[in-house]
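# Topology and contacts: notes
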Amino acid sequence: MIPRVAPRDDVALMDGYHSPQVDVPVRLNTNESPYPPPEGFGSRLAAAVGQVAWHRYPDRAATELRRRIGELHDVGPDQVFVANGSNEVLQTVLLTYAGAGRSVATFEPTYALHAHIARLSGATVIQGERDGDFALSQEEIDRVLAGGSGETSGPAPSVVFLCSPNNPTGCEEPRPLVEAVLARVRAAGALLVMDEAYGQFASWSAQELMGPDEPLVVTRTFSKTWSMAAARLGYLIGPGWVIDELEKVVLPYHLDALKQAAGIIALDFTGDMEARVAAIVTERQRVVAALDELAVRVWPSGANFVLLRAEVPGGGGALWNALLQRGVLVRNCSSWPRLDGCLRLTVGTPAENDAFLDALRAALAELAR
Ligand SMILES: *Cc1c(COP(=O)(O)O)cnc(C)c1O
């Protein structure tokens, strides 16, 4: 047999990213917007295709897109870094500030890609633990920022992740807690990365804490709120001295010309995006109120999704299946560490949410029998 090249030892041990893409009528599993982009976006984008100088490399600095994103957040273009989805933003941050011999801190359960990409960079991941209500204690923060203990320990982390609202719990991180973490991160000479993929649905943003000397960056995406998951566009707001380092690491011309145009056009529809966010928040409140009447536990959410736990025979997997049988796909988190029995539901259109609630009532009745 011809020997095959082996992947890196650490990669061989890894699980990739799994989220089944099943074609059913109601798909509430990946936190996308339930609505396509606004009227007018498509025709503007079609016109932009004809304007692109396809034989030339795109604007490497994405000048206009960064200027427009900066305007949205009241910062200059030199404080904006853009990439192919916020996952590529996170990867660039980790290639720049993590890597072999360094540690990265996460507080679990949280977005799995933080730890995954950190490990791919060669870094040690120090995993902090949240309590039963997914809150973080000062002692746990201190333990992790000092380099952890037991199974996950290493050098004091150079990158510390928080996610607010947190995926998959939906919980918002309270401002005083983030201030306390930032103070410790500053003292340790590390970087705090605040993943705000769902920031528009939340009551506050860590952007309020940013300053020229603060080691704080905030990441955002066009995937969830902007109805543009297919476009793969995300960005980071942070001090210019961080942006300069990231630009050294990311591949040259990584952001294609059409995507840059798509982002600029989308920003002309900011009003529509804000109206959709408001509508989804209203729907979220309606769905949570309905769930409160059923035999499920629900955590408070500041995002466009809700985490729930049902105590049913067969657990979360059985409930997930029973929903799928009724044409409703949600995210099955029940086998993830710390999320026993949990499912995550994306808030959809009113009709989709009604379909979910009907399916859930029927599934709970069936499983209780
Ligand atoms: C969806 C998600 C992302 C990734 O967004 P992309 O911009 O689509 O890469 C990042 N962080 C969190 C917490 C997410 O839920």
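Residues numbered from 1 in each chain as written. Predicted model: local features only at pLDDT ≥ 70, side-chain atom pairs only at ≥ 80, totals over all residues. Heavy atoms only, no water.

With that settled, the discussion passes to the site of the ligand. What surrounds the ligand is a group of 13 residues, the closest being Ser86, Tyr198, Thr221, Ser223 and Lys224. Asn167 is positioned with one of its side-chain polar atoms (N or O) 2.8 Å from an oxygen atom of the ligand. Coverage of the ligand by the protein amounts to 94% of the 390 Å² it exposes when considered alone. By residue class, the composition of the shell around the ligand is four nonpolar, six polar and three charged. (Near = heavy atom within 4 Å. Polar contact = N/O pair within 3.5 Å; in protein donor to acceptor, adjacent residues only side chain to side chain. Areas by Shrake-Rupley, 256 points an atom, 1.4 Å probe, with all protein chains shown as cover. Nonpolar A, V, L, I, M, F, W, Y, C, P; charged D, E, K, R; others polar.)

Here the amide bond leading from Glu108 into Pro109 is cis, since omega sits at -5°, within 30 degrees of zero. Relative to the elements of secondary structure, Pro109 occurs in the loop between strand S3 (103-108) and helix H5 (112-120). In the segment running from Asn167 into Pro168, the intervening peptide bond is cis, with an omega of 15°. Of note, Pro168 is situated in the loop between strand S7 (159-163) and helix H7 (175-188). (Helix = DSSP H or I, 4+ residues; strand = E, 2+ residues; numbered from the N terminus.)

The periodicity of an α-helix, 3.6 residues per turn, causes residues three or four positions apart to be oriented the same way. Among the residues of H5, those classed as buried are Leu113, His114, Ala115, Ile117 and Ala118. Contact partners of the buried residues in H5: helix H4 (85-97), S3, strand S4 (124-129), S7 and strand S8 (191-195). (Buried < 20%, exposed > 50% of the residue type's maximum accessible area, 1.4 Å probe, protein only. Contact = heavy atoms within 4.5 Å.)

This part covers H4. Over its 13 residues, H4 runs 19 Å from end to end, which matches the ideal 18 Å to within 8%, given 1.5 Å per residue. Burial within H4 is extensive, with 10 of its 13 residues counted as buried. Within the span of H4, buried status applies to Gly85, Ser86, Glu88, Val89, Leu90, Thr92, Val93, Leu94, Thr96 and Tyr97. Within two residues after H4, Gly99 carries a phi angle of roughly 90°, on the positive side. (Expected span 1.5 Å × (residues − 1).)

This paragraph deals with the packing of helix H6 (residues 138-145) against H7. Look at H6 against H7: their axes get within 11 Å of each other, and the N-to-C directions meet at 25°. Between H6 and H7, the angle falls in the class roughly parallel. Between H6 and H7 lies a crossing whose hand is right-handed. Counted together, Gln138, Ile141, Asp142 and Leu145 of H6 and Leu177, Ala180, Val181, Arg184 and Val185 of H7 form the full contact between these two elements. Residues of the contact of H6 with H7, tallied by class, amount to six nonpolar, one polar and two charged. (Axes fitted to C-alpha atoms, helices over the stretch in contact; angles between N-to-C directions. Parallel < 35°, antiparallel > 145°, perpendicular 65-115°, else oblique. Left-handed = near helix turned anticlockwise from the far one by under 90°.)

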